[in-house]
Structures are given as C-alpha cells and as structure tokens.
Amino acid sequence: MNIPASSTFRKLTPLEKKAFWESFIDKTGLSVASASQEQFNLADILVEQAVGICVVPLGLASGFLIDGKAYIIPLAVEEPSVIAAAGYGAHIIAQGGGFTTRAEASIAESYIYIEQSDISALEHIDTAKLRNLLAPVLARLENRGGGLRDIKTYWLHETKLIAVELAIDVCDAMGANIVNTAAETVKPYLESVTKGKALMCILSNASTNRKAQAEFFLPFEKLAPFCKGFSAEDTARRIVLATQLANEDPNRAVTHNKGIMNGIAALALATMNDTRAIEAQAHAWSARNGKLESLSDFSVQAGGLYGKLELPLACGTVGGSIDLHPGAQAALKLLGNPDSRQLARIAAAVGLAQNFAALLALVTTGIQSGHMKYHAARIAYKAGARGEEARTIGAQLALEKNYSLERAQELLCKLRENLNG
Ligand code: MEV
C-alpha cells in the first residue's frame, strides 16, 4: 500500500481514511482492531482524522478499601501485571484498614504571556477589570460553585515577558478548555494596558494546587503473610530503603514513579482523562526539588509500615471526551459517580497500591517470576492458544522456563489431542 501525499490523504472522506487504515490490519485481526460503525462515529467526534479505535485491554482491580468504602477500579492498560499488582497491593493494605485519602480543590491555572512591554506595565494591570471581563465567561462555573480564585502578575527577567496567572476553580472538569478560554478573553485588555503583544495564552499542566494524597498503615502482623521468606520488619525496612534509594538515585526514581503511574495512568485512560497531562504533572512534581525523587514515602512507625503518596492530579469527571464515551461513563458509574476530587483521591490510592505491590515484590522475590508467567501466556496465545488454553500452556512454559514458540505449539497440539480423546 502506497502512502498517499498529505494533500491527497486529507481530501479522503472519513470512511475512505478508515478503509486506508484497515488495509494495514492483517485479515485475521480485523474483527478486533477495526472499528464498528458506532465506534467509528464516536472516534470521529472525539478526534480529528479518525480512522478507528485502538483496543487497549480493560480490567478490574478489586480489593480496594478507600476511606472505609470498598471499590473495584477500572484500569485500561496493555501491560499484563499492572491490574493484578494493583489489586494485590490493595488487598494487603485493606488488612490494615485500607487507604485514607484527601484532595485539594480543583484549581487550574492559565497564563497570558506578554512580550514587547516593560516591567513597569505590571502596575497598570487592573485586577478588578480582569475580574469584570472574566465574569461572563465564568458565570456558569460560578453557579456550580467554581470560578476565579486568584490573579497573579509577574515579570520574567530572562525572556522579558509579563506573566499573568489566572487561578480558577474548575469544579468537576479537568478544566483545560475553560481556563484557556478565560486567558484568551483577557488577552486584548492585557495587550492594550501593557502596550505589548501576547506571546501565548495557555494553561499550565503543573497543577500544583490540585494535589491528592493517599496514605495507609499496615501493622507488621498484617504484612507478615505476604513477605515470602522475609520477616515483616525486614520487608518494611527494605521498602523504606527502596524509597530512600529512589530519592538518592534519579535512575531508580524514574522507574519507581513509573510504577506509581502504571495504575494512575490506567485509571485515567479508563475514565477518558488526559493521561499525558496527568503524567506530566506527576513527573514535574517529582522533580520539584531540582532532582527527580520518589513521589511516594514509606517509613516504619509504631509497629508497622506507613505509606504515603501525594501528587498533583488534575482529574475530570465531566467534559472533554468523558461525557461522550460510554466506557468512561461505565467506569465512573462503577466508581460510584465520583466528583473530580473523589476521582483524584481514588487515583492516589491506586498509585500507592501499585507502588507498594511493586516494592514488596522487588525487595522480596523479585518481579520477574510473576512477569514471565504473563509473558509465557502471550507466547501461548501467539501459538494459537485461546482463553483457558493460553493460561494452562503459559503456566507449563513458565514451569519449564522454556518460552519458545515451538514448545508452546507442541503443548497446544498435545492439549487439544487430549481434549479430543
Ligand atoms: C513495571 O511496569 C513497574 C516496576 O518497574 C515499578 C518499580 O520498579 O518500582 C515494577
């Protein structure tokens, strides 16, 4: 298939573009990887130049006890161990009473940057005037309890830009649209009063005033059954040391935090939140002291292990793609239709469960035995095994530590022969 010139491609109708994409999908995979008419209609309205859907597995992690309430968490992710690990971590943490969580208000910030002006122009910016200009744009938000919370102005010395920050409570939305609209609304006034020219108007994904936190305490006697040959005390000590390691060595911090985001990004995707914004704010927050550090904190306290995770989490439960996507709606319903702060609290608990499960495995048995089991099942699938067959053959491959396709095919033949008598 030749790749058409961009100008030709853009002129194709949506269905022609879809057919072009599907010509790349192997025939046997068409029913899985091509969009039905309904799915295509949805994709077409969610993104421009849509050609189909990208099938990412969705799983449910059970065992979460968050602020005294049981949750089953929908997670969309391609990595095999993530959902099982989140549920396993949550299950152990529930033995000690589960997670306690909290979240700050949903404050989002947008910025107007003005060039060709002067530091003295800061004095001419009238915040009362800005509030008046913003009132009609933010009226609906104010009716829902949100609205403008703060205005800051400052001078950026290196670039010689004026910066105007609008801090807005966006209620249950992620808020990008409304804060960007607000910034563009006041741009003409700011240009005229500063006698400058706006370079750009845009939100910041930093979201440092929108943090969520989850914590737990696990007495040693509750941790002990899961320590695989180590004592609970030593396991807890090693988990604490693993966190100190992430704080000292940025190479480890990247992976430590990636493990946390395994769960958070999967929940964000399942609920059609902006995964890139959520990743960006988490990693920026982890580098706030000038060096990448652990997002989580573990310590040994009063006869047990204490774990805590705090990070900015700009989650939405309305707006964007969330309202339109039936999968996102179902995921939110499963979570009890949380507001955005509650979703952020759940996400923090998921991240902490994920991190705890990873550290527990890493400092005891190591993670590879678990991971190879999933890898083996995938080899079995490649060999043609489906459903229970793939799991049975995968388990056998893992037992034999033989991960070859040939062995998987052999085992599949034998299994089917035995079944057919
Ligand atoms: C794998 O997706 C995540 C881990 O690497 C996280 C970690 O090392 O903490 C297991």
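From a predicted model like this one, the values you see are computed outputs, not experimental measurements. (Residues numbered from 1 in each chain as written. Predicted model: local features only at pLDDT ≥ 70, side-chain atom pairs only at ≥ 80, totals over all residues. Heavy atoms only, no water.)

Here we look at the site of the ligand
What counts is decided by this rule: A cutoff of 4 Å decides nearness: a residue is near a molecule or strand if any of its heavy atoms lies inside that distance of it. Definition of a polar contact: a pair of N or O atoms within 3.5 Å, with one able to donate and the other able to accept a hydrogen when the atoms are protein atoms, and with sequence-neighbouring residues admitted only if both atoms are side-chain atoms. Accessibility throughout is a Shrake-Rupley quantity obtained with a 1.4 Å probe, and a residue counts as covered only by protein chains that appear here. Secondary structure elements are taken from DSSP: a helix is a run of H or I of four residues or more, a strand is a run of E of two residues or more, and numbering for both begins at the N terminus. Gly is placed with the polar residues, together with every amino acid not listed as nonpolar (Ala, Val, Leu, Ile, Met, Phe, Trp, Tyr, Cys and Pro) or charged (Asp, Glu, Lys and Arg).
Glu79, Arg252, Thr255, His256, Lys258, Gly259, Asn262, Ala358, Leu362 and Ile367 make up every residue found near the ligand. At 2.8 Å from an oxygen atom of the ligand is found a side-chain nitrogen or oxygen belonging to Arg252. Here Lys258 contributes a side-chain N or O atom positioned 2.7 Å from an oxygen atom of the ligand. Look at the ligand: alone it shows 300 Å² of surface, and the protein chains cover 87% of it. The set of elements that each furnish at least two residues to the shell around the ligand consists of helix H10 (250-270) and helix H13 (340-363). For the shell around the ligand, the element with the most residues is H10, which contributes six residues. For the shell around the ligand, a count of residues per class yields three nonpolar, four polar and three charged.

Brief notes about helix H12 (residues 326-334)
Which entries qualify depends on this criterion: Each residue's exposure class comes from its accessible area (1.4 Å probe, protein chains only) as a fraction of the maximum for that residue type: buried when under 20%, exposed when over 50%, partly exposed otherwise. Read the arc as the range of directions from the helix axis to the C-beta atoms. Residue contacts follow a heavy-atom distance rule, with two residues in contact if any of their heavy atoms lie within 4.5 Å.
Taken together, the buried positions of H12 are Ala328, Ala331 and Leu332. All buried residues of H12 project into a common sector of 95° when viewed along the axis, lining one side. Facing away from the buried surface of H12 by more than 90 degrees, the exposed residues are Pro326 and Lys333. Residues of H12 that are buried make contact with strand E2 (69-76), H10 and H13. Where H12 terminates, the next one or two residues include Gly336, which has phi positive at roughly 85°.

Points about the nonpolar core
Nonpolar side chains tend to gather and get buried jointly when the protein is soluble and globular. Let me state the cut-off plainly: Working definition of a nonpolar core: buried Ala, Val, Leu, Ile, Met, Phe, Trp, Tyr and Cys residues. They are joined through side-chain atoms within 4.5 Å.
Residues Phe64, Ile73, Phe99, Leu313 and Phe356 are the most contacted members of the largest nonpolar core, which totals 60 residues. With 13 residues, the single largest contributor to this core is H13. Discounting chain neighbours no more than four positions away, the residues touching Leu313 are Arg210, Lys211, Ala212, Ile264, Ile278, Gln281, Ala344, Ala347 and Ala348. The next biggest cluster of nonpolar side chains, apart from the first, holds 31 residues, and it includes Ala121, Leu130, Ile151 and Cys201.

Observations concerning the pairing of E2
What counts, and what does not: If DSSP finds at least two bridges between two strands, the strands pair.
Taken together, the seven bridges between strand E1 (residues 58-66) and E2 define a ladder with antiparallel strand orientation. Within E2, the residue paired with Ile66 across the bridge is Lys69. Taking the residues between adjacent antiparallel strands as the criterion, E1 and E2 are bridged by two residues, where Asp67 takes a positive phi near 50°.

As for the packing of aromatic side chains
Within a pair of aromatic rings, the relevant descriptors are the distance that separates the centres and the angle that separates the planes. The criterion, for reference: The aromatic pairing rule takes the rings of Phe, Tyr and Trp, using the six-membered ring of Trp, and pairs them if the centres are within 6.5 Å, calling planes under 30 degrees apart stacked, those over 60 edge-to-face and the rest tilted.
Scanning all chains against the criterion turns up eight aromatic pairs. For the ring pair Tyr88 and Phe226, a centre distance of 6.1 Å and an interplane angle of 80° mean the geometry is edge-to-face. One end of the pair, Tyr88, is in helix H5 (residues 81-95); the other, Phe226, is in the loop between helix H8 (220-223) and helix H9 (232-248), with 138 residues separating them in the sequence. Tyr88 gets classed as partly exposed once you look at its relative accessible area, which sits at 32%. The class for Phe226 is buried, based on a relative accessible area of 14%. With a centroid separation of 6.2 Å and an interplanar angle of 85°, the aromatic rings of Phe99 and Phe216 are classed as edge-to-face.

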